[in-house]
Every structure is written in C-alpha cells, then in structure tokens.
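Close look at the chain arrangement
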Amino acid sequence: MSIPQTGGGVFESFDQLAECLENGSKSKDDWRIGTEHEKFGYCKDTLQPLPYDGPRSITAMLEGIRDRFGWDPVEEQGKIIGLVKDGANISLEPGGQFELSGAPLETIHQTCDEVNAHLREVQSVADGIGARFIGLGAAPEWTHDQMPMMPKGRYRLMTDYMGRVGTHGTQMMYRTCTVQVNLDFGSEADMVQKLRVALALQPVATALFANSPFFEGKPNGHKSWRSRIWRDLDPARTGMLPFVFEDGMGFQRYVDYALDVPMYFVYRDGKYINALGQSFRDFLKGELPALPGEKPTMSDWADHLTTIFPEARLKKFIEMRGADGGPWRRLCALPAFWVGLMYDQSALDAAWDLAKGWDDETREALRVAASVDGLQAEVHGVKMHDLAREVVAIAEQGLKARARPGVGGLVPDETHFLNALQESIETGRVPADELLEKYHGDWGGDLSRIYAEYSY
C-alpha cells in the first residue's frame, strides 16, 4: 500500500485527470525500473507475527533501520509507519508486512543490489531483536485473529469496507505478500500495448512465481492462494480489465474506469476522512458527501488510483501485480521477466503476438488456472508450461537486446536474473511445488518447518 500523497493543485477541468496519466510518458532513455516486495515478519521463538509495538516489533524494526542506516521516518498521528531514503521507501501493509518500494533505477543489476542492501539491513536489525522474515505469497499458518493491525487510517477504513463487498478482502490485506515491478511507457500507444501485454500475460507470472500453497496450517488446493484471494475481493476494483483490449483504449478510457471505482477515503491534514463507497465524479463537482464544497487535488487523484487493484495497474507508470512474494532470486527475476518483455520493442511485439488472439474468457480462465495449477495449467488448448517457455524466451531476447552490463562490465547483460525461471521451465516446478513436496515428504506434514528453511 502506498504512503499517502500530498500536494498538487486543485483540478480545474475533467481533462486534467487523463493529463496526469499522460504526463508519465517518458523518452526511452528515461525509462526506469521500480521493484517492490513484501515479506512477513515474525518472532523467532514463538513463530507468531510481529506486533506493532514493543521491544520485538514492527516499530523496533523501523526505528532500528532508521537509526542504523540513515533512513528518514514517516509518521501518522505520531506513530512511525514508514521510512524514506534516496528515492526508496519502506512501508507497512495492514498486517505488518514489510514492504520495500525501490527507487527508480536504470538496470536490474542496480535494483538487485538495492534488494540485497535492504535485506541485509532488515536481517541485521531483526537479528538484534529476535525476529525473522519469510518470503511467501500467503501466511502459511496464521489466522486473521493472530494478525496485528498497523496504525494507518486507510487500513481501518478498508478493513470495514472489505467485509461488505467480497469474501476475501481482509485475507488479502493482512495475510498476503507480493513482488511487483513498475515500468514506464513512452506514449499513449506504447502504454496501451504494454498494458495489454501486462494483463494478458500476468497469469504466466502468477504461475511462475506461485508460492502460496498453504493457508491456516494446511494445503489449500492452489499453487497461488494469493491469486485466488484476489478473485473474490471487490469486483469493482480488481480483475483483468476487458475494456483495455477494446478499440478506443487510452488514458481517457482508463480514467472513465477509475472514476467508476468507489472511493475509500480523502487524506487531509494527516488524517483519512471516510469516503467509503462515494464517487470521485461527485468529488469533481464539489459534491462529495465527505467534503462538501471541496474539489479534488492532484494528490487526491493519485491516492484514488492506489485504491484500484487490477492485475496490472496504470498510474504514471504500469504496475505488474500478479506474482507471489518469494525468495531472493525471485525478487530479482520478476523485474527481469517484465523488463525483458516491455523495454525492447521486438520483444514487446512478440509478446503481444502470443496473446492478441485470446478473448476475455480465455484471459480470465488462464488467470484462474494459474492460481490453481501453476505451470500445469491448461486452458482452451493453451498449456501454461509451453506458454511460459515461450514468454521467458522472449524476455531473455529482450534483455539481450537491452545489453545492459553489470559488475563493471564483467556481466554483458541482465539475462542471468532469469535463471530461477529457466529452472522452473526445465523442471516444470515452481516454488509452490517444492513446498508441497517437502510438506508431504521430509516435513511429514509439520508446516512449522517452513520458517527455518525459507526465512531470509
């Protein structure tokens, strides 16, 4: 979840909403990579989630990183809720999931170095307080009642609303983790092609990164339970966005969609004002019940866009949102996968050629099947394993064409960051398959062993 937006002038016209998105367009030389990942913190001795307060807590983690590594604090109502430094920020998901939102960087070498540095800092502070962190798509054992609630106003509002509009919303908020990458576009046409590819091929990422086969202490029948949760959360703000594939798609069409998504809140003077279910269209007219007579600022619009949760999301960049959180190698593989597809035109064209013949039903069916069966999914004659092989090959060619060297030029490009995915293609196994094999084999059904073997 995003740190609240501030600033920006008041909207004077409806057209400015689309202009805000269009202003994200950048020349190719200025395209950047922003990687985000979440992880669960827990107490090393009890294996229970870290509380917000206390000597062994989320607060202790944030204050430790602040004091030892020079981050600046972000507070809400006098409570520390995040950190910022050099274009990156650390924020908290509702159940205390620790999230790094990385700085916009030029290469995957840089973003992977950033991930490494962050995990070293987290581990250093965690070791000192008796905490550990684990990268999974869903909490393997903890119940909702065991999860803490972070002291953020938007989460209190969302928790209440989620129970009214779906069946799995609070599971998403408190007991899931993801890794995602944010990528740029050059123009409206480029945005449309990239968003179409991002949505159509998001099920491939879901399958390759599936890492949540357990929930509340037992197998749940899915390779990615995190992905399953998103299907019954809130239909007004989730899904595969069929309109993106229709003629006339552009910035304005996405604005029209976003305006139809009910609001959560308005942020004013450090506080979240309840606007649950209200209309941003009314806000534009100065008729929002929560703030009668006021019109939205640019930061209000930016905040509203963060409350929309499709499989790929448009802001001033495009967010790829379909992957489970996971181990270190996969945190670097996810940006490699999408950068390879998106930042070379030949690769982007090849990716679209794979998917452009699918209809809405096929795209949605692939999404469902990926969450259940991972690489073993098959829909309408499309075998996920074969599709993933083709997509990863395209991504590899895209990274070769980018030819961004690392390690002082000793590494010619970024293709080695795909190695974890190449192994999955070769074996047909994703992290969820390995976890299930251990659970039914060496672990003898003792899921507590996951913490020792898979923590950072």
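Use the structure listed above.
Reading the values: rules and limits
Residues numbered from 1 in each chain as written. Predicted model: local features only at pLDDT ≥ 70, side-chain atom pairs only at ≥ 80, totals over all residues. Heavy atoms only, no water. Salt bridge = Lys/Arg side-chain N within 4 Å of Asp/Glu carboxyl O. Buried < 20%, exposed > 50% of the residue type's maximum accessible area, 1.4 Å probe, protein only. Helix = DSSP H or I, 4+ residues; strand = E, 2+ residues; numbered from the N terminus. Contact = heavy atoms within 4.5 Å. Polar contact = N/O pair within 3.5 Å; in protein donor to acceptor, adjacent residues only side chain to side chain. Disulfide = S-S within 2.5 Å. Phe/Tyr/Trp six-rings, centres within 6.5 Å; stacked < 30°, edge-to-face > 60°. Lys NZ or Arg CZ within 6 Å of the ring centre and 35° of its normal. Core = buried A, V, L, I, M, F, W, Y, C linked by side-chain atoms within 4.5 Å. Patch = residues over 30% accessible without salt bridge, like charges linked within 9 Å, V, L, I, M, F, W, Y side chains within 5 Å. Areas by Shrake-Rupley, 256 points an atom, 1.4 Å probe, with all protein chains shown as cover. Lys, Arg positive; Asp, Glu negative; His and termini not counted. Charge placed at Lys NZ, Arg CZ, Asp CG, Glu CD. Axes fitted to C-alpha atoms, helices over the stretch in contact; angles between N-to-C directions. Parallel < 35°, antiparallel > 145°, perpendicular 65-115°, else oblique. Nonpolar A, V, L, I, M, F, W, Y, C, P; charged D, E, K, R; others polar.

1. With respect to the pattern of salt bridges
- Under the counting rule described, the total for this entry stands at 29 salt bridges.
- Ionic pairing is found between Arg 237 and Asp 234, a salt bridge with its closest N-O pair at 2.7 Å. Each member of the pair, Arg 237 as well as Asp 234, is classed as buried.
- Within this structure, Arg 313, Lys 315, Glu 319 and Arg 321 form a network of salt bridges that share partners.

2. Things to note about the environment of Thr 107
- Looking at where Thr 107 falls in the secondary structure, it is placed in the loop between β5 (98-101) and α3 (108-129).
- What makes Thr 107 buried here is its relative accessible area of 10%.
- Once residues within four sequence positions are removed from consideration, Thr 107 is found in contact with Ile 33, Arg 402, Arg 404 and Glu 414.
- In this structure the side chain of Thr 107 is engaged in a polar contact, spanning 3.1 Å, whose partner is the backbone nitrogen of Gln 110.

3. A closer look at the state of the cysteines
- Taken as a whole and judged by the stated rule, the model has one disulfide.
- Across the disulfide, Cys 112 is cross-linked to Cys 332 (sulfur-sulfur distance 1.9 Å). On the S-S bond that ties Cys 112 to Cys 332, the torsion sits near 85 degrees, and the link is right-handed. Of this pair, Cys 112 sits in helix α3 while Cys 332 sits in helix α11 (residues 328-342), placing them 220 residues apart in sequence.

4. Structural notes on the packing of aromatic side chains
- Throughout the structure, instances matching the rule amount to 21 aromatic pairs.
- Look at Phe 185 and Phe 251: their rings are 5.7 Å apart centre to centre, the planes differ by 45 degrees, and that puts the pair in the tilted class. Linking Phe 185 in the loop between β7 (178-183) and α6 (188-208) with Phe 251 in helix α8 (residues 251-259), this pair joins segments that are 66 residues apart in sequence. By the burial criterion, Phe 185 is buried, and Phe 251 matches it.
- Pairing Tyr 254 with Tyr 257 gives two aromatic rings, centres 5.5 Å apart and planes at 65 degrees, and the pair type is edge-to-face. Placement of the pair is Tyr 254 and Tyr 257 together in helix α8, with a separation of three residues, close to one helical turn.
- Taking the relative accessible area as the measure of exposure, Tyr 257 reaches 11% and is therefore buried.
- Taken together through their ring pairs, the aromatic side chains of Phe 40, Tyr 42, Trp 142 and Tyr 451 make up a single cluster.
- Just above the ring of Phe 209 sits the side chain of Arg 330; from NZ or CZ to the centre is 5.9 Å.

5. Section: the nonpolar core
- Counting residues in hydrophobic clusters, the biggest one holds 96 residues, and the most contacted among them are Tyr 254, Phe 337 and Trp 338.
- Ranked by the residues each element gives to this core, the list is headed by α6, at 12 residues.
- If near-sequence neighbours (up to four positions away) are discounted, Phe 337 is found in contact with Val 204, Ala 205, Leu 208, Val 391, Val 392, Ala 395, Leu 418 and Leu 421.
- Among the nonpolar cores identified, the runner-up in size contains 62 residues, and Phe 40, Ala 103, Phe 133 and Leu 136 belong to it.

6. What about a negative patch on the surface?
- Taken together, the side chains of Asp 15, Glu 19, Glu 22 and Glu 188 make up a negatively charged region of the molecular surface.
- With three residues, helix α1 (residues 15-22) is the single largest residue contributor to the negative patch.
- Mapped onto the fold, Asp 15 is located in helix α1.

7. Side note on the packing of α11 against helix α15 (residues 419-427)
- Close contact between α11 and α15 brings their axes to 8 Å; oriented N to C, the two are set at 90 degrees. As judged from the angle between their axes, α11 and α15 are roughly perpendicular. Here α11 contributes Arg 329, Arg 330, Ala 333 and Phe 337 to the contact with α15, which in turn contributes Asn 419, Ala 420, Leu 421, Glu 423 and Ser 424.
- Of the residues belonging to the contact of α11 with α15, the class tally is four nonpolar, two polar and three charged.

Keep in mind these numbers describe shape, not what the thing actually does.
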